[in-house]
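Here's the letter readout for the chains.
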Amino acid sequence: PTIYAITPTYSRPVQKAELTRLANTFRQVAQLHWILVEDAAARSELVSRFLARAGLPSTHLHVPTPRRYKRPGLPRATEQRNAGLAWLRQRHQHQRAQPGVLFFADDDNTYSLELFQEMRTTRKVSVWPVGLVGGRRYERPLVENGKVVGWYTGWRADRPFAIDMAGFAVSLQVILSNPKAVFKRRGSQPGMQESDFLKQITTVEELEPKASNCTKVLVWHTRTEKVNLANEPKYHLDTVKIEV
Ligand code: UGA
Ligand code: MN
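Residues numbered from 1 in each chain as written. Chains lettered and ligands numbered in written order. Predicted model: local features only at pLDDT ≥ 70, side-chain atom pairs only at ≥ 80, totals over all residues. Heavy atoms only, no water.

Enquirer: Outline the overall build of the protein chain, supporting the account with residue identities and numerical values.
Expert: Secondary structure summary: the protein chain contains seven helices and twelve strands in total. The C-alpha extent of the protein chain, read off along each of the three principal axes, is 65 × 45 × 35 Å. Counting the 244 residues in the protein chain, one finds 48% classified as buried. Sequence separation of 24 or more characterises 74% of the internal contacts of the protein chain that already satisfy a separation of 6 or more. Entry remark: accessible area of the protein chain is about 13,200 Å², with carbon and sulfur atoms responsible for 52%. (Helix = DSSP H or I, 4+ residues; strand = E, 2+ residues; numbered from the N terminus. Buried < 20%, exposed > 50% of the residue type's maximum accessible area, 1.4 Å probe, protein only. Contact = heavy atoms within 4.5 Å. Areas by Shrake-Rupley, 256 points an atom, 1.4 Å probe, with all protein chains shown as cover.)

Next comes the structure, spelled out in structure tokens:
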């Protein structure tokens with residue numbers, strides 16, 4: 001199956017560095033299609049140029065987050081992930097048979113190559129541990145006799161699916177047979193996006209544990225430090241224009 005990676009991304013000083021690390025990983029994965037969705041009113045030149053040289057099958061989408069949703073404490077990238085889902089459904093509306101696996105790959109996380117081997121065998125919805133998240137060194141689904149029976153997490157253990165966006169994959173078939181499943185702004189509290197989405201398409205009993213019954217961390221919820229630009233000149237001083 002093709003792996004479809006939906007990556008929301010937005011303009012900031014570290015954007016090209018993040019995308020470079022991600023592309024360097026994805027380039028080593030067979031049959032991966034990168035759906036990069038810019039949080040912007042238009043496709044940027046930086047991302048367009050970057051993708052053209054990335055050497056990866058890709059689709060470049062864009063949708064701006066409404067200004068009222070750009071606030072601390074509100075979920076991020078809802079509209080961008082939905083745009084990726086809409087593109088996938090549109091593209092496959094006439095040819096449902098093709099095998100595929102979808103996962104949501106934020107631009108700042110760290111992905112091992114083994115993770116892609118694991119998720120490629122997803123039948124419906126698969127899950128695995130995520131490192132450096134939830135206020136702990138890792139969160140993970142608790143597995144008994146091959147079934148998910150609970151969650152090891154330090155944060156809001158009451159979540160129906162106590163899992164980060166980086167901790168699951170969904171087969172294309174499930175995405176197509178649940179055409180209304182989307183990320184919701186209304187009523188979605190911070191950190192509940194994953195649960196709100198997953199409960200539209202699956203149940204805890206149905207989840208397929210990966211990474212040796214969820215005992216291996218193959219993805220890390222790394223976050224990049226804000227860059228210090230204190231010495232950036234107010235006006236352009238360099239003799240040439242440099243894209244960073
Ligand atoms: C955590 C989760 O890991 C995310 O999956 C979830 O979307 C997010 O919380 C949330 O609060 O909604 P965190 O590291 O805090 O992640 O979030 P970011 O990595 O800053 O953002 C998640 C993704 O959305 C990234 O790919 C980022 O580039 C993108 N993003 C972020 C936008 O497209 N627009 C924004 O304004 C901010
Ligand atoms: Mn992040």
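We are not done yet, so read on.
Enquirer: I'd like to hear about the coordination of the manganese ion (ligand 2), residue by residue, with values.
Expert: Summarising the metal site, the manganese ion (ligand 2) is bound by the protein donors Asp108 (OD) and Asp108 (OD), whose distances to it range over 2.2 to 2.6 Å. By secondary structure assignment, the location of Asp108 is in the loop between β4 (100–104) and β5 (110–111). (Donors = N, O, S within 2.8 Å, 3.2 Å for Na, K, Ca; no water.)

Enquirer: An account of the packing of aromatic side chains is requested, with residue identities and associated values reported.
Expert: Any two aromatic rings considered together are summarised by their centre-to-centre distance and by the angle between their planes. In total, this model carries twelve aromatic pairs according to the counting rule given. Each ring, one from Phe26 and one from Phe116, has its centre 5.9 Å from the other, and the planes form 90°; the classification is edge-to-face. Of the two residues, Phe26 is situated in helix α1 (residues 15–26) and Phe116 in helix α4 (residues 113–119); the sequence distance between them amounts to 90 residues. Across the pair, Phe116 and Phe26 agree in class, each one buried. Aromatic side chains Trp34 and Phe50 sit 6.4 Å apart centroid to centroid with 80° between the ring planes, which places their arrangement in the edge-to-face category. Note that Trp34 is positioned in strand β2 (residues 32–38) and Phe50 in helix α2 (residues 45–54), a separation of 16 residues in sequence. (Phe/Tyr/Trp six-rings, centres within 6.5 Å; stacked < 30°, edge-to-face > 60°.)

Enquirer: Lay out the side chain of Thr59 in plain terms, naming residues and giving numbers.
Expert: Inspection of the secondary structure puts Thr59 in strand β3 (residues 58–62). Looking at Thr59, the relative accessible area reads 13%, which means it is buried. Polar side-chain contacts of Thr59 include one of 2.6 Å to the side chain of His33. Leave out the neighbours within four places in its chain, and Thr59 touches His33, Trp34, Ile35, Leu36 and Trp87. (Polar contact = N/O pair within 3.5 Å; in protein donor to acceptor, adjacent residues only side chain to side chain.)

Enquirer: Would you mind going over the environment of Thr203 in detail, with residue names and values included?
Expert: For Thr203, the location among the structural elements is in the loop between α6 (193–201) and β11 (208–209). Classification of Thr203 by relative accessible area gives partly exposed; the value is 37%. In this structure the C-alpha to C-alpha distance between Thr203 and Pro160, which are 43 residues apart in sequence, comes to 9.2 Å.

Enquirer: I'd like to hear about the pairing of β4, residue by residue, with values.
Expert: For β4, the tally of buried residues reaches five of five residues, placing the bulk of the element in the interior. Here β4 shows two buried faces, one formed by Gly100, Leu102 and Phe104 and the other by Val101 and Phe103. In this structure, strand β1 (residues 2–9) lies alongside β4, joined through five bridges in parallel fashion. Among the inter-strand pairings, Ile6 is bridged to a residue of β4, identified as Phe104. Sheet analysis places β4 next to strand β10 (residues 168–171), joined by three bridges and oriented antiparallel. Looking at β10, one finds that Val101 is bridged to Ser171. (Pairing = 2+ DSSP bridges.)

Enquirer: Could you give me a rundown of the nonpolar core, with the residues and numbers involved?
Expert: Within soluble globular proteins, side chains that are nonpolar generally end up buried alongside one another. Phe104, Phe168 and Phe197 are the most contacted members of the largest nonpolar core, which has 33 residues in total. Here Phe197 is in contact with Leu85, Phe104, Phe168, Ile175, Ala181, Val182 and Phe183, once residues within four sequence places are set aside. Ranked by size, the runner-up nonpolar core spans 31 residues in total, among them Ala23, Leu36, Met119 and Leu218. (Core = buried A, V, L, I, M, F, W, Y, C linked by side-chain atoms within 4.5 Å.)

Enquirer: How would you summarise the site of ligand 1 if you had to cite specific residues and measurements?
Expert: Among the 18 residues in the neighbourhood of ligand 1, the closest are listed as Pro8, Asp39, Arg76, Asp106 and Asp164. Separating an oxygen atom of ligand 1 from a side-chain N or O atom of Gln193 is a distance of 3.3 Å. Protein contacts shield 86% of the accessible area of ligand 1, which totals 680 Å² for the unbound molecule. Among the residues making up the shell around ligand 1, the classes are represented as five nonpolar, three polar and ten charged. (Near = heavy atom within 4 Å. Nonpolar A, V, L, I, M, F, W, Y, C, P; charged D, E, K, R; others polar.)

Enquirer: So, the pairing of strand β7 (residues 130–133): which residues are in play, and what are the values?
Expert: Pairing between β7 and strand β8 (residues 136–144): three bridges, direction antiparallel. The residue bridging Val133 from the neighbouring strand is Arg136, located in β8. Hairpin remark: β7 followed by β8, antiparallel, with two residues in the connecting loop; positive phi at Gly134, about 65°.

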